[in-house]
Amino acid sequence: MSTPATTTHVPVVIVGAGPSGLLLGQLLHKSGIENIILEQRSPDYVLSRIRAGVLEQVAVEMLEKAGAAERMHAEGLPHEGIELLYFGKRHRIDLKALTGGKQVMVYGQTEVTRDLMDVRAAAGLTTVYEALNVQPFDFLEGEKPRVRYEKDGQTHEITCDFIAGCDGFHGVCRASAPADKIKTFEKVYPFGWLGLLSDTPPVSEELIYASSERGFALCSQRSLSRSRYYLQVPLTDKVEDWSDEAFWEELKRRVDPETAAKLVTGPSIEKSIAPLRSFVTEPMRFGRMFLAGDAAHIVPPTGAKGLNLAASDVGYLWQGLVDFYQNKSEAGIDSYSEKALRRIWKAEHFSWWMTMLMHDFAEDGGFNAKMQEAELHYIFTSENGARVLAENYVGLPM
Ligand code: FAS
Ligand code: PHB
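These numbers come from a predicted model, not from an experiment.

A. Highlighting unusual backbone geometry. That bond from Glu282 to Pro283 is cis: its omega, -10 degrees, falls within 30 degrees of zero. Examined against the element boundaries, Pro283 turns out to sit in the loop between β18 (268–282) and β19 (285–286). With phi around 50 degrees, Asn133 is a residue other than glycine that occupies positive phi space. Along the polypeptide, Asn133 turns up in strand β10 (residues 132–137).

B. Structural context of the environment of Glu250. Within the secondary structure, Glu250 sits in helix α8 (residues 244–254). Between the alpha carbons of Glu250 and Gly100 there is a distance of 37 Å; along the sequence they are 150 residues apart. The contacts of Glu250, once residues within four sequence positions are left out, are Arg214, Leu231 and Trp242. A polar side-chain atom of Glu250 sits 2.8 Å from a polar atom in the side chain of Arg214.

C. Up close: the site of ligand 2. What surrounds ligand 2 is a group of 15 residues, the closest being Tyr209, Ser220, Arg222, Tyr230 and Pro301. Interatomic distance of 2.8 Å between a side-chain N/O atom of Tyr209 and an oxygen atom of ligand 2. Within the side chain of Ser220, one N or O atom sits 2.6 Å away from an oxygen atom of ligand 2. Coverage of ligand 2 by the protein amounts to 97% of the 280 Å² it exposes when considered alone. Only β16 (215–221) and β17 (227–233) provide two or more residues apiece to the shell around ligand 2. Across the shell around ligand 2, the residue classes break down as nine nonpolar, three polar and three charged.

D. Just the sheet that holds strand β1 (residues 6–9), in detail. Strand order in the open sheet made by the four strands is β1-β12-β11-β10, with mixed pairing throughout. Single-partner strands in this sheet number two, and they are β1 and β10. On average, each strand axis in the sheet is tilted by 20 degrees relative to the strand beside it, whichever way the strands run. Two elements, β1 and strand β12 (residues 154–159), share four bridges in a ladder whose sense is parallel. Opposite Thr7, over in β12, you have Glu157 as the bridge partner.

E. Representation of the pairing of β12 in the model. When strand β11 (residues 146–151) meets β12, the two strands line up antiparallel, connected through six bridges. Along β12, the bridge assignment pairs Val147 with Ile158. Taking the residues between adjacent antiparallel strands as the criterion, β11 and β12 are bridged by two residues, where Asp152 takes a positive phi near 50 degrees.

F. Spotlight on the site of ligand 1. Near ligand 1 there are 29 residues, and of these Ser20, Glu39, Arg49, Arg51 and Gln109 occur at the shortest range. Within the contact set of ligand 1, an oxygen atom lies 2.6 Å away from a side-chain nitrogen or oxygen of Arg49. In isolation ligand 1 has 990 Å² of accessible area, and contact with the protein removes 86% of it. At the level of elements, α1 (19–30) and α10 (306–327) are the ones that each hand at least two residues to the shell around ligand 1. Per-class residue counts for the shell around ligand 1 are 13 nonpolar, nine polar and seven charged.

G. Layout of the sheet that holds strand β9 (residues 127–128). What the six strands build is an open sheet, ordered β9-β3-β2-β13-β20-β19; its pairing is mixed. Of all strands in the sheet, those bounded by a partner on one side alone are β9 and β19. Direction of pairing for strand β2 (residues 12–15) relative to strand β3 (residues 35–38): parallel, over a ladder of four bridges. Bridging across to β3, Val13 finds its partner in Ile36.

H. The side chain of Glu270, seen in detail. With respect to the helices and strands, Glu270 occurs in strand β18. With a relative accessible area of 17%, Glu270 lands in the buried category. For Glu270, the side chain forms a polar contact with the side chain of Arg228, separated by 2.7 Å. Among the polar contacts made by the side chain of Glu270, one reaches the side chain of Ser272 at a distance of 2.8 Å. Among all residues touching Glu270, those that are not within four sequence positions of it are Ile50, Gly195, Leu196, Leu197 and Arg228.

I. Structural context of helix α13 (residues 383–394). Helix length check: α13, at twelve residues, gives a terminal C-alpha distance of 16 Å against a target of 16 Å (1.5 Å per residue), a fit within 8%. Between the side-chain oxygen of the N-cap and the backbone nitrogen of Asn384 there are 3.2 Å, and the N-cap of α13 in question is Ser382. Backbone geometry just downstream of α13 places Gly395 in the positive-phi region, at approximately 105 degrees.

J. Inspection of the environment of Tyr189 at higher detail. Within the fold, Tyr189 resides in strand β14 (residues 183–198). The spatial distance from the C-alpha of Tyr189 to the C-alpha of Arg277 is 5.8 Å, given a sequence separation of 88 residues. Residues within four places of Tyr189 in sequence aside, it is in contact with Leu235, Leu276, Arg277, Ser278, Pro300, Trp352, Thr355 and Met356. Engagement of the side chain of Tyr189 in a polar contact is seen with the side chain of Ser278, the distance being 2.6 Å.

Cut-off values and rules
- Residues numbered from 1 in each chain as written.
- Chains lettered and ligands numbered in written order.
- Predicted model: local features only at pLDDT ≥ 70, side-chain atom pairs only at ≥ 80, totals over all residues.
- Heavy atoms only, no water.
- Helix = DSSP H or I, 4+ residues; strand = E, 2+ residues; numbered from the N terminus.
- Contact = heavy atoms within 4.5 Å.
- Polar contact = N/O pair within 3.5 Å; in protein donor to acceptor, adjacent residues only side chain to side chain.
- Near = heavy atom within 4 Å.
- Areas by Shrake-Rupley, 256 points an atom, 1.4 Å probe, with all protein chains shown as cover.
- Nonpolar A, V, L, I, M, F, W, Y, C, P; charged D, E, K, R; others polar.
- Pairing = 2+ DSSP bridges.
- Axes fitted to C-alpha atoms, helices over the stretch in contact; angles between N-to-C directions.
- Buried < 20%, exposed > 50% of the residue type's maximum accessible area, 1.4 Å probe, protein only.
- Expected span 1.5 Å × (residues − 1).

By themselves, these figures tell us nothing about what the structure is for.
Shown next as structure tokens:
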């Protein structure tokens, strides 16, 4: 292995400058713990990815603790309910009434990431963008962790106390865990989500999750002038198969006539197809290397949990590292994986349940459709049934 051009020491090396890495970096900084972020892409590329749109109270509070919540409170949209549309009939789930006052915040992940980038830059913290071939080494117990990366053709090495793998589903950190110490659980769904972003006013005040004989659709939003829509599509579909016109026409067929009549269409500013999977890694700690966010788990977006689980993972990891550096206690980092996984599995269950409840599984001969009908009728007619959905949607406590 070539001799690195530079060798430095930083207490915590964070791999990945998505929401997980940026949020962790900011919380550690606020607690006086020095950290560096290594990101393989450019800032513009990271910001170009259109993803989540709904924040739980837990995520809002983490952003407040990170000092990155000002614009969210100014521009974000607090939502007190969502609607389920089942075969042409809309049913409102009153999140606030059913959960004793809780609600969600509609604020795009792109804006969360931008806000976290801005506060990190304002604090003068180091993020190495376009850091290539990042590779963690010697992170198991008793070893001295270090990370190597390439930048502008030179190899650099950072020795550290801890490595935070915030590098997403396709990252290098989980892939570097010893094969005999890691177990993964996965379920891949037989369809994807075709998402479209448009500078058009949202079709409704609140989000509409629609289940129709043609498949699932979701009417979401980013602001009062920018909308986000999704359609369930076969895994064989390619985004180039879908013109904007075809998208709008299909969306109108999957919602009720009143909603279809109100829909304001316009040119897409982003259009993409995302596969749906449930995925969990156990444990989320390998000696001095921790996994957080999509590096450790994936949920189908039906329950709006992906970004929110990243926020709670980071909250647990931040608390553990503060305990280590400020109280010389390893209790927090020792319990990180167990605490994070307890909340993760509940969100995995809710995301799987919402996906099974609202999507078209035509190939199973109709039994699942009967289960969906029975479950939705129960939710629409029982306050207890609706409360189960509401309590999970606003986010379970950390
Ligand atoms: P991210 O994947 O966001 O960030 C990881 C970062 O690590 C990336 O910037 C990547 O470039 C970098 N990286 C990867 N490998 C690296 C390496 N070897 N070296 C250095 N850097 C490396 N969630 C919802 O709640 N609602 C949604 O609607 C929703 N839609 C989604 C659509 C898509 C297509 C995807 C992929 C995810 C979606 N999610 C959604 C989930 C998403 O929001 C994630 O939960 C969120 O991005 C998690 O953030 P991170 O853990 O930071 O991972
Ligand atoms: C979104 O706005 O991107 C969004 C909202 C709720 C979901 C999934 C995606 O459940």
